[in-house]
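# Examining the three-dimensional arrangement
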Amino acid sequence: MRTFILYLVLAIGAYLCHTVLYPAFLVPELRIDLFLVLVLHLSFSYERSKALILALFLGLVMDVGLPLRGCFYPLIYLAIALLASMLRQNLNLHSRWYQALFLGLCTLIEGLGVRMILGLQDAGFAEAGYFLRLLAGRIIITALVGPLLLAGLERVDQYLSAFIVHRESQEV
Amino acid sequence: MTSQARKFIIPILIFLLALSLISANLHSRENMSFFESLVVGITSPVQKAVWGVIGGISNIWRGYFYLVGLEKENQVLKRELQELKLEVNRYREAHLANERLRALLNFKKSIATPLLPAQLVAFDPAGWFQTILIDKGRNDGVVRDMAVVSAEGLVGRVIGVSNHHAKVLLILDGNSAVDAYIQRSRARGVLVGLGLELCLLKYVQRNEDVQVGDQVISSGMGGVFPKGLLVGTVKEVVRGSSGLFQRVEVEPAVNFGRLEEVLVVIQSPPEEPAMAGTQKRP
């Protein structure tokens, strides 16, 4: 329950960051998808079903404000969460290089997913150049900063589990 | 159920749930879903507060911090000056808000249809699109496809409503399409967003007279946007050696980076959907 509340708070913080702080301070090319980082952290650290449920929830939150028909971010995040949870046995998750590579790859998947969905709905970007610039910028910035955010989330998890152990030992 | 079976069944169930949500939402996006309304309802007060804090910080930054560089022996005077500056800044902010609201009021008087003032609450969370959330919704009479304007010009149109909020697709988005014309030469085209504070007036024939600095006005075709609203100014015109059309880049009249208050044009949207490529793409 504590874990769920923690991630709910983090998700709300990320949502506020996306909807208020990013537009005020950052150009679209430099915006890291904090939800994607959360989804990947959950997929790396928790069992698959939990990660998928939270990915679905985060996708639904991300869909708020999008001019698309249907709920497509849940599908994109579910696919990424599934991929990450399947590959986590084969990835050296302690290596920041691997994390950077995987974050970049997932940003690419997200971007292509959005592009594909827009294409299916006869919508899109007026010019492909803008989309490619946006995607390239985001891949680079996510690969650079994402591992640091993952490290921060790992630290939060450690504190949380230490806190839980401390509380339980006190109760005993 | 064995753990091995659970390992496969739970992801499949979750994916099926996601697919059913997609199919449920594909039919109509007139109203925001329950979940969307819930998220917007919970987060919008915080978003408004954060916007307030950001506005306050930027005002302090503009009016106060960069002035700090005075001599140490003037500490007392400096403090006094700073206090006065803060106060002046508060007055200036009030004055600017007054001017903005006065401009909105004048604009409201100049346009025949009733207008509903609204405040910006949030931007699109994904960052791929150009949408905003405003603090007026179904309970205030806002419905899908109503035009949204500001004192400077056209902002966008409503694409989804909940009881107290509405989602607006800005003219900057690639999925927005506004039938517009050049005010001077009456050359017509369809304005689509290029994403970054820039639009493209598409389908303007090569032989049409378009010059840098020309004003672009909404034509009123399609029934969503009122006729004669300023959309922007021509920034660049490129006539290639071949092709039917010229490339006309338009700088929007509205400064979207500083958008705070908007007006929703309260009029019934058209019953029949407009033709593809005019004003109702997504």
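None of these values were measured; they are calculated from a predicted model.

For the rest of this paragraph, the subject is the overall build of chain B. The number of helices and strands found in chain B is three helices and 12 strands. By residue count, 43% of the 282 residues in chain B fall in the buried class. Sequence separation of 24 or more characterises 61% of the internal contacts of chain B that already satisfy a separation of 6 or more. Taken as a whole, chain B presents about 14,500 Å² of accessible surface, with 58% of it coming from carbon and sulfur.

A word on the sheet that holds strand E7 (residues 188-193) of chain B. Residues and elements named next belong to chain B. With antiparallel pairing, the six strands of this closed barrel are ordered in space as E6-E7-E8-E11-E10-E9. Going from strand to strand, the sheet's axes swing by 40 degrees on average, the running direction of each strand aside. Both E7 and strand E8 (residues 199-205) contribute to a ladder of four bridges, which runs antiparallel. Each residue of the ladder has a partner; that of Val190, found in E8, is Lys202.

Core analysis: the biggest nonpolar cluster contains 61 residues, and Phe35(A), Leu40(A), Leu58(A), Tyr73(A), Tyr77(A), Leu78(A) and Trp128(B) have the highest contact counts within it. Once residues within four sequence positions are removed from consideration, Leu78(A) is found in contact with Leu52(A), Ala55(A), Leu56(A), Ile14(B), Phe15(B) and Ala18(B). Counting residues in hydrophobic clusters, the runner-up holds 46 residues, among them Val149(B), Val168(B), Val204(B) and Leu263(B).

At the interface, 48 residues of chain B touch 52 residues of chain A. Summed over both sides, the interface between chain B and chain A buries roughly 4,500 Å², with carbon and sulfur atoms accounting for 74% of that surface. Linking chain B with chain A are zero salt bridges, by the criterion used here. Linking chain B to chain A there are four residue pairs in polar contact (both at pLDDT 80 or more). Where the side of chain B that touches chain A is concerned, the elements lending two or more residues are helix H1 (3-26), helix H2 (34-63), strand E1 (115-123), strand E5 (166-170) and E7 of chain B. At 12 residues, H1(B) tops the list of elements feeding residues into the side of chain B that touches chain A.

Residue and element names in this part refer to chain B. Looking at the element boundaries, Ser219 is found in the loop between strand E9 (215-218) and strand E10 (230-238). Of the residues examined, Ser219 reaches a relative accessible area of 9% and is grouped as buried. A distance of 2.6 Å separates a polar atom in the side chain of Ser219 from a polar atom in the side chain of Asp179. For Ser219, the side chain forms a polar contact with the main-chain nitrogen of Met221, separated by 3.1 Å. With residues near it in sequence (within four places) discarded, Ser219 still touches Asp179, Ala180, Tyr181, Arg188 and Lys227.

Topologically, Ala151(B) is positioned in the loop between strand E3 (147-149) and strand E4 (154-161). Between the C-alpha atom of Ala151(B) and that of Arg100(B), which follows or precedes it by 51 residues, the distance is 8.0 Å.

Glancing now at the pattern of salt bridges. Residues and elements named next belong to chain B. All told, the structure shown has nine salt bridges over all chains when counted by the stated rule. In this structure, Asp135 engages Lys136 in a salt bridge whose closest nitrogen and oxygen atoms are separated by 3.9 Å. On the accessibility criterion, Asp135 (15% relative accessible area) is buried. Notably, a salt bridge pairs Arg188 with Asp179, separated by 2.6 Å at the nearest N-O pair. Take Arg188: its relative accessible area is 37%, and that puts it in the partly exposed class. Taken together, the salt bridges that share partners define one network made up of Lys48, Asp135 and Lys136.

Turning our eyes to something else, we now look at the layout of surface pockets. Size it by volume and the largest pocket reaches roughly 1,500 Å³. Looking at the lining of the largest pocket, the elements that each hand over two or more residues are helix H1 (2-25) of chain A together with H2, helix H3 (75-110) and E1 of chain B. Among the residues making up the lining of the largest pocket, the classes are represented as 20 nonpolar, 15 polar and 12 charged. When residues of the lining of the largest pocket are sorted by domain, at least three fall in each of domain 1 (1-110) and domain 2 (115-265) of chain B.

A few words now on the packing of helix H2 (residues 34-45) of chain A against helix H3 (residues 48-63) of chain A. Residue and element names in this part refer to chain A. Look at H2 against H3: their axes get within 9 Å of each other, and the N-to-C directions meet at 170 degrees. The orientation of H2 with respect to H3, classified from their angle, is roughly antiparallel. Facing H2, whose interface residues are Phe35, Leu38, Val39, Leu42 and Ser43, H3 presents Ala51, Leu54, Ala55, Leu58, Val61 and Met62. Here the contact of H2 with H3 is built from residues that sort into 10 nonpolar, one polar and no charged.

The subject of this paragraph is the domain arrangement of chain B. All names here are of chain B. When the domains of chain B are assigned, the result is domain 1 (1-110) and domain 2 (115-265). In this assembly, 17 residues from domain 1 lie in contact with 25 residues from domain 2. Counting each side, the surface lost to burial between domain 1 and domain 2 is near 1,900 Å², with a carbon and sulfur contribution of 63%. Scanning the region where domain 1 abuts domain 2 turns up one salt bridge. One can count two residue pairs in polar contact (both at pLDDT 80 or more) joining domain 1 with domain 2. Of all elements in the fold, only H2 and H3 reach the threshold of two or more residues within the side of domain 1 that touches domain 2.

Parameters and conventions
The numbers attached to residues start from 1 for each chain and follow its sequence in the written order. Working convention: letters from A go to chains and numbers from 1 go to ligands, in the order in which they are written. In view of the model being predicted, local features appear only for residues whose pLDDT reaches at least 70, and side-chain atom pairs are presented and counted only at 80 or more, with totals across whole chains, interfaces and linings using the full set of residues. Only heavy atoms go into the side-chain values, all of them from the structure, while hydrogens and water stay out. Working definition: helices are DSSP H or I runs of at least four residues, strands are E runs of at least two. Numbering for both runs from the N terminus. Only protein chains enter the accessibility calculation, which uses a 1.4 Å probe. A residue is then buried if its area is under 20% of the maximum for its type, exposed if over 50%, and partly exposed in between. Residue contacts are defined here by distance: any two heavy atoms, one from each residue, within 4.5 Å place the two residues in contact. Surface accessibility follows the Shrake-Rupley procedure with a 1.4 Å probe radius. Residue values consider only the protein chains on display as shielding. Pairs of strands are assigned from DSSP output, requiring at least two bridges between the strands. Lines are fitted to the C-alpha atoms to define the axes, a helix being fitted only along its stretch in contact, and any angle between axes, read from their N-to-C directions, falls within 0 to 180 degrees. Definition of nonpolar core: a set of buried residues of the types Ala, Val, Leu, Ile, Met, Phe, Trp, Tyr and Cys, connected through side-chain atoms within 4.5 Å. When two parts are brought into contact, each loses some accessible area as probed by a 1.4 Å sphere; the total of that loss over both is the buried area. Throughout this description, the term salt bridge denotes a Lys or Arg side-chain nitrogen within 4 Å of a carboxyl oxygen of Asp or Glu. In protein, a polar contact requires one atom able to donate a hydrogen and another able to accept it; more generally it is a pair of N or O atoms within 3.5 Å, and residues adjacent in sequence count only if both atoms are side-chain atoms. Only protein atoms enter the 1 Å grid, on which a cavity is a set of points fitting a 1.4 Å probe that cannot get out and a pocket is an open set with protein on both sides within 12 Å along at least 5 of 7 lines, lining residues being those with an atom within 4 Å of a point. Grid points are joined across faces, edges and corners, and a volume is the space filled by probe spheres set on the points. Residue classes follow a fixed rule: Ala, Val, Leu, Ile, Met, Phe, Trp, Tyr, Cys and Pro count as nonpolar, while Asp, Glu, Lys and Arg count as charged, and any other residue, Gly among them, counts as polar. Note: domain ranges come from an automatic or database domain assignment. These descriptions rest on fixed angle ranges, namely under 35 degrees for roughly parallel, over 145 for roughly antiparallel, 65 to 115 for roughly perpendicular, and the rest for oblique.

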